Amino acid sequence: MITLKKVDEDNFRKVVGIKLNEEQSKFVATNVYSIAQAWIYPEVARPFAIYNDEEVIGFMMIDWDEKEREAGIWRFMIAEEHQNKGYGRRAMECALNTIKESNKFDYVYLDYVPGNDAGKHLYESLGFKETGEIEEGEIVMKLDLA
Ligand SMILES: CC(C)(COP(=O)(O)OP(=O)(O)OC[C@H]1O[C@@H](n2cnc3c(N)ncnc32)[C@H](O)[C@@H]1OP(=O)(O)O)[C@@H](O)C(=O)NCCC(=O)NCCS
């Protein structure tokens, strides 16, 4: 079963050790960088290890900004050896359910690097729509929860 658990002292080494292929490494910051960001923005950043049963298979960081009623998928990856098994979709569904069930948000945003076809396909199939904005070269998408 796919679940999200907070990054903690038991799993952070596994999270930091997750590998992507060379092309995909351009699509997302390193997990060390993301965990450092979470330290800098503790009031909104929520870093999670993605588990398949007991095994760490990915990483996600949610931007949990209750003040703005806006949640974001700040980082998201599934380790190369675990891709294309449906885990990414299930992890994203878990995150979106948690966000929706909190009733604290009106929408969810994310962005992706042009050429990231797997990300684009997955997000569109879950209802995200491009807003037309480009932020730091990345295409912004939004999912309306209303
Ligand atoms: C994006 C990512 C998280 C998807 O994880 P995954 O576990 O492989 O995803 P899934 O197996 O659940 O597949 C999701 C969908 O993408 C599709 N897909 C996979 N590779 C694809 C590609 N190159 N082009 C188009 N669609 C693709 C799958 O067919 C599947 O679609 P379906 O459910 O309609 O059949 C993973 O590819 C990844 O970690 N990429 C590198 C980091 C990254 O790009 N993160 C996102 C930053 S915005």
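For the structure itself, look to the data block above.
Residues numbered from 1 in each chain as written. Predicted model: local features only at pLDDT ≥ 70, side-chain atom pairs only at ≥ 80, totals over all residues.

## Observations regarding the overall build of the chain
Scanning the chain from terminus to terminus reveals four helices and seven strands. Ordered by position in the sequence, the α and β elements of the chain form the string β-α-α-β-β-β-α-β-α-β-β. For 146 residues, the compact-globule estimate of 2.2 N^0.38 gives 15 Å, and the C-alpha radius of gyration of the chain, at 14 Å, lies within 12% of that figure. For the C-alpha atoms alone, the extent of the chain along its principal axes is close to 35 × 30 × 30 Å. Going through the 146 residues of the chain one by one, you find that 29% of them count as buried. (Helix = DSSP H or I, 4+ residues; strand = E, 2+ residues; numbered from the N terminus. Rg over C-alpha atoms; globule rule 2.2 N^0.38 Å. Buried ≥ 20, exposed ≤ 12 C-beta atoms within 10 Å, placed from the backbone.)

## Thoughts on the sheet that holds strand 1 (residues 2-6)
Pairing within the open sheet is mixed, and its seven strands lie in the order 1-2-3-4-5-7-6. Each of the sheet's edge strands pairs with one partner strand only, and the pair in question is strand 1 and strand 6 (129-135). Each adjacent strand pair in this sheet contributes to an overall mean axis angle of 30 degrees, direction not counted. Taken together, the six bridges between strand 5 (residues 107-112) and strand 7 (residues 138-144) define a ladder with antiparallel strand orientation. The residue of strand 7 that forms the bridge with Tyr-109 is Lys-142. Against the sheet, helix 2 (residues 31-40) touches strand 2 (45-52), strand 3 (55-65) and strand 4 (70-78), its axis set at about 140 degrees to strand 2. (Pairing = 2+ DSSP bridges. Axes fitted to C-alpha atoms, helices over the stretch in contact; angles between N-to-C directions. Contact = placed C-beta atoms within 7 Å.)

## Remarks on the pairing of strand 5
Two elements, strand 4 and strand 5, share three bridges in a ladder whose sense is parallel. Its bridge partner lying in strand 5, Ala-71 is registered against Val-108. With helix 3 (residues 87-101) bridging strand 4 and the parallel strand 5, this β-α-β connection has right-handed handedness. (Right-handed = clockwise from strand over helix to strand, strands pointing away.)

## Some thoughts on the pairing of strand 7
The two faces of a sheet get side chains in turn, since along a regular strand they alternate between them. Relative to strand 7, strand 6 runs antiparallel, the two sharing four bridges. Considered in strand 7, the bridge of Glu-130 is made with Met-141. Count of turn residues in the strand 6/strand 7 antiparallel hairpin: two residues, of which Glu-136 carries a positive phi of about 45 degrees.

## Details of the site of the ligand
For the ligand, the set of nearby residues contains 22 residues, the closest of which are Gln-83, Gly-88, Arg-89, Asp-117 and Ala-118. Those elements that place two or more of their residues in the shell around the ligand are strand 4, helix 3 and helix 4 (117-125). Tallying contributions element by element places helix 4 first for the shell around the ligand, with six residues. Partitioned by chemical class, the residues of the shell around the ligand number ten nonpolar, nine polar and three charged. (Near = placed C-beta within 6 Å. Nonpolar A, V, L, I, M, F, W, Y, C, P; charged D, E, K, R; others polar.)

## Quick notes on the nonpolar core
Ranked by size, the top nonpolar core spans 32 residues in total, and within it Ile-50, Met-60 and Ile-73 carry the most contacts. Counting only elements with at least two residues in this core, the list comes to strand 2, strand 3, strand 4, helix 3, strand 5 and strand 7. Excluding anything up to four places from it in sequence, Met-60 contacts Leu-4, Phe-48, Ile-50, Ile-73, Arg-75, Phe-76, Ala-91 and Ala-95. (Core = buried A, V, L, I, M, F, W, Y, C linked by C-beta atoms within 7 Å.)

This is a description of form; function is not addressed.
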